[in-house]
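# Observations on the three-dimensional arrangement
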Amino acid sequence: MDRICLMKKRMVYPERLELDSLIKINRQPPAGSWCNESQLCDLQETRQQRRPTEISGLQSVETTILGIPMLLSVRSLDDLEQGNADRQSTISTNIYRSSSDENSCILQADGQLFIRQRIRHLVRAFTERAQRIRRRLELPPTPSTVSSDPEDGNDLRPPPLFRRLQLTNCESADSSTCAPVAGCHSFWGRIKSIHCNRTLDPQRYEYISWLFVVMLCYMYNCWVIPLRNTFPYQTAENTPIWLALDYSADAIYFLDVAFIKPRLKYLEEGFWVADLSLTRRNYIQKWQFKMDVLSLMPLDLLYFIFGTEYLMLRIPRLLKIQTFWEFFDRVDNMVSSPYVVRMARTLTYMLYLIHLNACAYYAFSTWKGLGTNSWVFSGKGSPYIRCFYFATKTATSIGKNPKPETEEESLFMTCSWLMGVFVFAILIGQMRDIVVTATRSQTEYKKLVDEALEYMRCLNVPNHLQERVKLWFTFTWEQQHTLDESRIMDTLPHKMKTDIAINVHIQTLSKVQLFHDCDEALLRELVLKLRPVIFLPGDFICRKGEVGKQMYIVKTGQVQVMGGENESEVLATLTEGSVFGEISLLAIAGCNRRTATVRSRGFSNLFVLRKADLNEAIAYYPDAQEILKKKAKQLIKQNADRERNNKKEQEMAEVIIGNRVEAPETPRLVHTVMQVVPANSPTAHLLKYGSRSTRRVNNTWLNCAQPTTENQMLMVEDNIAVKNSESCLP
Ligand SMILES: Nc1ncnc2c1ncn2[C@@H]1O[C@@H]2COP(=O)(O)O[C@H]2[C@H]1O
């Protein structure tokens, strides 16, 4: 029973339930509920009425399911038999105390009930857990890549595999956002999607646009509160305008806190949480929520006491600074040149500090008395422009500043200079970063070209070769803006690299026959192994007889397969998506030598796939192996047929030119017979020209080479003669 006590104590019960009402209904407490002594007595009656079979059945179930519970039951039975009064040890201070045998029975039954309930509890916990996991699996994954538009410059409909790939990428990008809203590509559609989708993606354009609006309101408050507080720009006439502007900004703050921020999806354990109640809770738990609520504090109500010119009451509006940071952070992640965004932020800080400085200078001057000495503001001209000019000069340390005359003025100037130095140091550092980043790859490229040319000059490489190398560098740079494409992607995870590679090369890959019906997994495996390489016009990509170590896919440009005598005949011209070099790689022709020479016709961009990579990838894809082998065999057959025909033509040409065979001399006996038989009889004809079959063999070369009228006539005659002679035969 001690164990039962322990287990009960350890169990974490989610809630206390009203037992009375439940007993009335079921006469049985639900799992996970506490009961008191009187309630237990009620229960005890109910349990004692149970049939023993029911209890024994229960025990056996316990034994098989839990293992330990058997021990617990036995222990409780022992206790029951002994009727031991000591067994009144505490089961739970919250449950009850028992000292009688009756209660022992109750305890035993209660132990069994407890175990049964424990099983139910476990089953429920497992079910809930399974449902939780299922829900999690059904959540959209973290968007990784935004797919390129499949229709961009590609009129050809890609084969099913590629359509599927494009679709998958689009789905992953879109499913979490505006899919349910018809026509949500328009601006209003997007705005509507805010309403109907209920939750918002913080990375989307719509949310960032909204952030921009809130950020403008924040900036308005930041600039206007100190300005109106120090400079005499708020008058009785324009107060309503200022108030209208103030409350418009407040309304936007309110909308942001009440409707937008609570709908923002957030990431939890790698999944986007899009449940509105959860997003709302997430926002409320954040520090940002407290700041946002504080920023909306209606201290303006005190205007009724202090008057509308007491602008300090609006100071809490400046607490919404998180929106300002968030906007810049999001834009920083979104744009292609984040340094510009960073510089804009630093510039804003700098201008704002100068603005504050100008306000402080004016306030200081009015405190000292306008124009009381040469350092304070004289009061002439536009106060803000003059003060801003003074503050800028001080902050940037440009120009001649009036000399401070008192300690306070010196202190003011010292602070202004220090602030200027600090902000400028940051600004100049960031500018330098921008310039260095913008030109880094170009600087690296130039350095490489210079090194390569210098090296060739040292080795006295012929000029035309140097020119070709230069041309290669220039073309490659123009095409890729980098000399090593793979280096850029090195830091990315494998899956992301594959997605990018497929998206970038999908147009070419969709034209490769090999990939049309192949497994998506094979394409994914191969795509990262493809290395881009550029060939100049006339470059030999491979030569006949070489050992094949790579195969190629044409990305752009054209290559020519050369054959015939001296490799002067163009066997085929291959364009985008064509694969070549696979025959020697698969050793289809019996050896691993190139069966033809291939050269680049103009500038061509190819993908290279190394033999080891190909073998490794297609080892598990017999279908792809078959396709490659089939194509290679077709090419071999084509080449063999062509060569055979060429040989035949060559032989015939030789025959026509001079090897005409002399007809054999007619034997004497035949002569004699011919003289005896009538000249125009079929027998004489047969003896003179021979039978049709023998004559066909003898005259093949004649018939093939020159189907003259004489031959044709002979054939006709021959037919007639043969028919006649056949008719003469018995
Ligand atoms: N008649 C042809 N038409 C097109 N391509 C060919 C032809 N003959 C050979 N090739 C390709 O040219 C490649 C030269 O190297 P491989 O022999 O490895 O593989 C060869 C084929 O891929």
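Let me sum up the structure you'll find in this document. (Residues numbered from 1 in each chain as written. Predicted model: local features only at pLDDT ≥ 70, side-chain atom pairs only at ≥ 80, totals over all residues. Heavy atoms only, no water.)

## Describing the site of the ligand
The test is simple: Here a residue counts as near a molecule or strand whenever at least one of its heavy atoms sits within 4 Å of it. For the purposes of these results, a polar contact is taken to be a pair of N or O atoms within 3.5 Å, where, inside protein, one atom must be able to donate a hydrogen and its partner to accept one; residues adjacent in sequence count only when each atom of the pair is a side-chain atom. Areas reported here follow the Shrake-Rupley algorithm with a probe of radius 1.4 Å; residue values treat only the protein chains shown as occluding. Starting at the N terminus, helices and strands are each numbered in turn, a helix being any DSSP run of H or I of at least four residues and a strand any DSSP run of E of at least two. Polarity classes work like this: nonpolar for Ala, Val, Leu, Ile, Met, Phe, Trp, Tyr, Cys and Pro, charged for Asp, Glu, Lys and Arg, and polar for all others, with Gly in that last group.
The ligand sits among 15 residues. The nearest are G581, E582, S584, T595 and N639. Between an oxygen atom of the ligand and a main-chain N or O atom of G581, the distance comes to 2.9 Å. Between R594 and the ligand, the recorded distance is 2.9 Å, taken from a side-chain N or O atom to an oxygen atom. Contact with the protein chains hides 97% of the accessible area of the ligand, taken as 460 Å² for the molecule alone. Of all the elements in the fold, those that place two or more residues in the shell around the ligand are α23 (582-586) and α25 (622-658). Of all the elements, α25 adds the most residues to the shell around the ligand, at four residues. Across the shell around the ligand, the residue classes tally to seven nonpolar, five polar and three charged.

## A closer look at the pattern of salt bridges
Applied cut-off: What counts as a salt bridge is simple: a side-chain nitrogen of Lys or Arg found within 4 Å of a carboxyl oxygen of Asp or Glu.
Within the structure shown, the criterion is met by 25 salt bridges. Between K368 and E408 there is a salt bridge whose closest N-O contact spans 3.2 Å. Taken together, the positions of K368 in helix α15 (residues 338-368) and E408 in helix α17 (residues 407-458) put the pair 40 residues apart, joining distant regions of the chain. A salt bridge links K637 to D641, with the nearest nitrogen and oxygen atoms 3.8 Å apart. Taken together, the residues K637 and D641, both in helix α25 and four residues apart, mark about one turn of the helix. If you follow the salt bridges from partner to partner, you end up with R228, D246, D250, D300, R314 and R317 in one network.

## Some details on the sheet that holds strand β9 (residues 597-600)
The strands that make up a sheet pair up through hydrogen bonds in the backbone, lying either parallel or antiparallel. Put simply, the rule reads: The pairing criterion is simple: DSSP has to find at least two bridges between the two strands. Think of each axis as a best-fit line through the C-alpha atoms, taken over the contacting stretch in the case of a helix, with angles from 0 to 180 degrees between the N-to-C directions.
Across the sheet, four strands lie side by side as β4-β9-β6-β7; this open sheet has antiparallel pairing. Lying at the two open borders of the sheet, with one neighbouring strand each, are β4 (540-542) and β7 (569-574). Averaged over all pairs of adjacent strands, the angle between strand axes in this sheet comes to 30 degrees, irrespective of strand direction. Relative to β9, β4 runs antiparallel, the two being bridged by two bridges. Looking at the pairing, C542 lines up with V598 of β9.

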